Protein chains: 2
Amino acid sequence: MMKIPKKILSALRDDEKFLVAAHINPDGDAIGSAVALGLALESMGKEAVIYSKDPVPLHYTFLPGQEKIRSVLEDALEADPVLILVDCNSPERAGIEGHRFRRSIVIDHHETGSDFGDLKWIDHKAAACGSMVYAAIKSLGVKITKAMATNLYAAIAVDTGTFRYANTTAEVLRTGAELVDLGAQPGLIAERLYETWNIRRFRLFMMTLNTLEIKNDIAITHVTGDMLRRTGAKAEDTENFSNLPRRIDSVKISVLLREIGKGTWKVSLRSKGDVDVAKIAEHFGGGGHKNAAGFRIKADLKSAKEALLHARRKLLRR
Amino acid sequence: MMKIPKKILSALRDDEKFLVAAHINPDGDAIGSAVALGLALESMGKEAVIYSKDPVPLHYTFLPGQEKIRSVLEDALEADPVLILVDCNSPERAGIEGHRFRRSIVIDHHETGSDFGDLKWIDHKAAACGSMVYAAIKSLGVKITKAMATNLYAAIAVDTGTFRYANTTAEVLRTGAELVDLGAQPGLIAERLYETWNIRRFRLFMMTLNTLEIKNDIAITHVTGDMLRRTGAKAEDTENFSNLPRRIDSVKISVLLREIGKGTWKVSLRSKGDVDVAKIAEHFGGGGHKNAAGFRIKADLKSAKEALLHARRKLLRR
C-alpha cells in the first residue's frame, strides 16, 4: 500500500479553504486528480476551488465535476486558500507564478522536481497522481462517490495507457477494480477517452501519420500550424498521436514535433521499455517520465530533427 | 465469483489424456486459454496435446508454452484423448470435424452456440475464455506458474482490449491483478501484443486507413489481396485494424472487409456500446459477440458494402 505522509492528511483535514491547481495543458491525470480531490474536500464540508489555467480538452469534458474548474484565480485568492498542486510541483507548471499562498501542498509523481512547497508528497513510483489522491481520500475516510471514482479511474487510465504501460502493477489494477466497485465504468470511460475524436482530429491524425519518418529506432512525425489550419483541429487534439508509430517493432522512441510558433516546436517523446527519454528532454531543458517526456526547441524542422537524433546518439545507449 | 460446473472440474481431474483445441484463425484468447489449460493439465501429471489448425500469429509467439502447439492431429488421436474445445463450441470452429472423441468438453463464452459437447461450460458473461480457464485451474488447486499467468493475462487482455471494452468488470480487473501477482507483466505483454508490428504490417495498416469511407455511423475500410501482396503483410496482420476508425465520435460500427479469394470477403464488425453487430453477422450466416462479430460474403466490393449498409438499416435501430 501507498504511504501517505501524515502531515499531508492533517493539512487536508485541518484547513478549511483550498485551491486545487492542475498543470498547464492539463491531461487526464491532472484534471481527474484535481476534480476528485476538489469534490472530496467539498464533501468534507470545506471550500475548494479547482483551477486550471488552460481549458479542459474536449475529450475530458465528460468527467463529472469538471464543470467546476475555473480558469480565473482572482476571486479564489480572496478567500486566502491553501494551495494544493496536483500532478505538478511548481507554480510555473500550474501557471500561477507570482501569487502568494499562506501554505502550499504538493501532490505529484513526476521525476523532474522543484524546491516549491511547504508540504510535499512526491511518489515517483505512483503510476498516476490519481492513485495518490485515491489513497489520500480513502485514508481521510471520505465516502467516495461515483463522480470521484470516475475521475480517479480516468486519471489512472490516462497515465497507464489504460493498464498498458510498464507502470501497471497489481496494485494499480486492484485500485481500478475498487474504483469500478465505487461506480466507475471502464467501457464508458475508455470510449470517452479514446473514441470520441471529431472528424477534424481524425483527419489531422491521418495527415500526421503520413509525415512519418523512421531513423534507426526513432519514429518521427510532425504537425505544422498549417496542418492544424487545414484540418480545423486543435493543438490539444495531438495528445497521444505519437503512440501509434510505437506499434512498429523496431521503433523504441516515437517523437511528435508540433509547431507552436514561427520556428518553435513542442517535442513530445514516448519510449518503450528501458529507453529513458526524460534524459533527452532534460538535455533540451524539458522534463517528464522515463517513457513519456517533452521539451521545446527553437529551430527549423530539419534542424530540430537533427538535434534530436544527435541527442539520442549522445545520451542513450542502443 | 464465476460458477464452474462440478462435472467439468471432475472430468479435468479424473481423466488422463486430453486434446485442448483452439479455434481456427486463433486469437490471443484462444491461444492463451489453450496453452494455459494444457500447461495446467501437464502440471497435474496428465498428457495434454494443445492443438491449433492454423499457425500462431506472430504477435502471439511470445507466449510461453505456445511452442507446444501442434497443427497435426493424427499422432494425438492415437492416445484416444478427451477433447476440450476452448473459446469455441463446435468441431467445425476448431477445424477438427470428422474426428471422433470418446468424450468432449466445451469451455466457451461465445453467444453463437452449437449442440456439440458431452460436457459444456458456456458463460456468455465471461469477458474472456481465459477468465474461465483461470477460475477452473484455480479451483483444481493447480500451482499457477508465471507461464500460465502470462497466457491467461494475454487472453483476457486481447478480449477486453486490455480493459477498455464494456466487458471489463471489477472482477476482470481483480483477475488481472492476481495474474500480475503470479508473474504476468502488463507492460511487457501489452508491448508484445500491440507494439511489435513489422514494417510491412504498419504499411498495410496505413494503406487500409486510406481506404476509409464513412457512411452515417459506419466506418468502412478494406484490404484487397493486392494490398497484401504490395506490402508483403499477412492476412492475420489485419487483426484489430478496424479498431482505429472507432475513435471517431460519430462512428458506431467499424467494418473491415478483407478479400479472402476472388470476389469473396471476410467482414469483421466492431461496434460501440449497445450496437449489436452479432445481429448483422448472423443475418449473413456468421456470428460473434455484441461488439465484435464477423461473416463471409461472396460479392464484389461495392455490392458487399451495399449489402452491409442495407442490413444495418434493416436490422438495427439508430
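Structure: see above.
About the thresholds
- Residues numbered from 1 in each chain as written.
- Chains lettered and ligands numbered in written order.
- Predicted model: local features only at pLDDT ≥ 70, side-chain atom pairs only at ≥ 80, totals over all residues.
- Heavy atoms only, no water.
- Salt bridge = Lys/Arg side-chain N within 4 Å of Asp/Glu carboxyl O.
- Helix = DSSP H or I, 4+ residues; strand = E, 2+ residues; numbered from the N terminus.
- Expected span 1.5 Å × (residues − 1).
- Buried < 20%, exposed > 50% of the residue type's maximum accessible area, 1.4 Å probe, protein only.
- Contact = heavy atoms within 4.5 Å.
- Pairing = 2+ DSSP bridges.
- Axes fitted to C-alpha atoms, helices over the stretch in contact; angles between N-to-C directions.
- Core = buried A, V, L, I, M, F, W, Y, C linked by side-chain atoms within 4.5 Å.
- Least-squares fit on C-alpha atoms with pLDDT ≥ 70 in both.
- Parallel < 35°, antiparallel > 145°, perpendicular 65-115°, else oblique.
- Left-handed = near helix turned anticlockwise from the far one by under 90°.
- Nonpolar A, V, L, I, M, F, W, Y, C, P; charged D, E, K, R; others polar.
- Buried area = accessible area lost by both parts, 1.4 Å probe.
- Polar contact = N/O pair within 3.5 Å; in protein donor to acceptor, adjacent residues only side chain to side chain.

## Observations concerning the pattern of salt bridges
Piece 1. Tallied over the entire structure, the rule returns 26 salt bridges over all chains.
Piece 2. With its nearest N and O atoms 2.3 Å apart, the salt bridge here joins Asp181 of chain A to Arg174 of chain B. Placement of Asp181 of chain A in helix H7 (residues 170–181) and of Arg174 of chain B in helix H7 (residues 170–181) is noted, with the two residues assigned to different chains.
Piece 3. Connected via shared salt-bridge partners are Asp15, Asp80 and Arg102 of chain A.

## Observations concerning H7 of chain A
Piece 1. Look at H7 of chain A: 17 Å from first C-alpha to last across 12 residues, which is about the 16 Å you get at 1.5 Å a residue.
Piece 2. Of the positions making up H7 of chain A, those classed as buried are Ala170, Val172, Leu173, Thr175, Gly176, Ala177, Leu179 and Val180 of chain A.
Piece 3. The elements touched by buried residues of H7 of chain A are helix H5 (129–139), helix H6 (146–160) and helix H8 (186–194) of chain A together with helix H6 (146–159) and H7 of chain B.

## Looking at the sheet that holds strand S4 (residues 104–108) of chain B
Residue and element names in this part refer to chain B.
Piece 1. Spatially, S2-S1-S3-S4-S5 is the arrangement adopted by the five strands of the open sheet, whose pairing is parallel. With one partner strand each, in any of the chains shown, strand S2 (47–51) and strand S5 (119–122) form the two edges of the open sheet. The mean inter-strand angle of the sheet, taken between neighbouring strand axes irrespective of direction, is 15°.
Piece 2. As judged from the four bridges shared by S4 and S5, these two strands associate in the parallel manner. What sits directly across from Ile107, in S5, is Trp121.
Piece 3. Along the sheet, helix H1 (residues 6–14) contacts strand S1 (17–21), strand S3 (82–86), S4 and S5; its crossing angle with S5, the most-contacted strand, is approximately 120°.

## Some thoughts on the nonpolar core
Piece 1. If you look at the biggest cluster of nonpolar residues, it comprises 130 residues, and the most contacted ones within it are Ile84 of chain A together with Ile84 of chain B.
Piece 2. Ignoring any residue separated from it by four or fewer positions in sequence, one finds Ile84 of chain A in contact with Leu12, Phe18, Leu19, Val20, Ala21, Leu37, Leu41, Ile105 and Ile107 of chain A.

## Points about the environment of Pro64 of chain B
Residue and element names in this part refer to chain B.
Piece 1. With respect to the helices and strands, the residue Pro64 is situated in the loop between S2 and helix H3 (74–78).
Piece 2. Residue class for Pro64 comes out partly exposed when judged on its relative accessible area of 28%.
Piece 3. Note: C-alpha distance between Pro64 and Met206 (142 residues apart in sequence) is 31 Å.
Piece 4. Here Pro64 is in contact with Val35, Leu39, Ala147, Thr150 and Asn151, once residues within four sequence places are set aside.

## Looking at the relation of the copies chain B and chain A
Two copies of a chain can be linked by a rotation about an axis combined with a shift along that same axis.
Piece 1. Laying chain B over chain A is done by rotating through 180° and shifting 0.0 Å along the axis; what remains is an RMSD of 0.0 Å. These values place the two chain copies in the arrangement generated by a two-fold rotation axis.
Piece 2. A share of 100% of the interface residues of chain B reappears at the interface of chain A, consistent with the copies meeting face to face through the same patch.

## Considerations on the packing of helix H2 (residues 28–43) of chain A against H5 of chain A
All names here are of chain A.
Piece 1. Taken N-terminus to C-terminus, the directions of H2 and H5 make an angle of 15°; their axes are 8 Å apart at the nearest point. Classified by the angle between their axes, H2 and H5 sit roughly parallel to one another. The two elements H2 and H5 meet at a crossing, and its hand is left-handed. Contact residues: Asp29, Ser33, Ala36, Leu37 and Ala40 in H2; Cys129, Gly130, Val133 and Ile137 in H5.
Piece 2. Taken together, the residues of the contact of H2 with H5 break down into six nonpolar, two polar and one charged.

## Topic: the interface of chain B and chain A
Piece 1. Listed per partner, the contact involves 42 residues of chain B and 42 residues of chain A.
Piece 2. The largest share of the area that chain B buries against chain A comes from Arg164, Glu195 and Arg247 of chain B, three residues that together contribute 22% of it.
Piece 3. Here chain B is connected to chain A by four salt bridges.
Piece 4. Here chain B is connected to chain A by 14 residue pairs in polar contact (both at pLDDT 80 or more).
Piece 5. When the residues that make up the side of chain B that touches chain A are grouped by side-chain class, the tally is 22 nonpolar, 10 polar and 10 charged.

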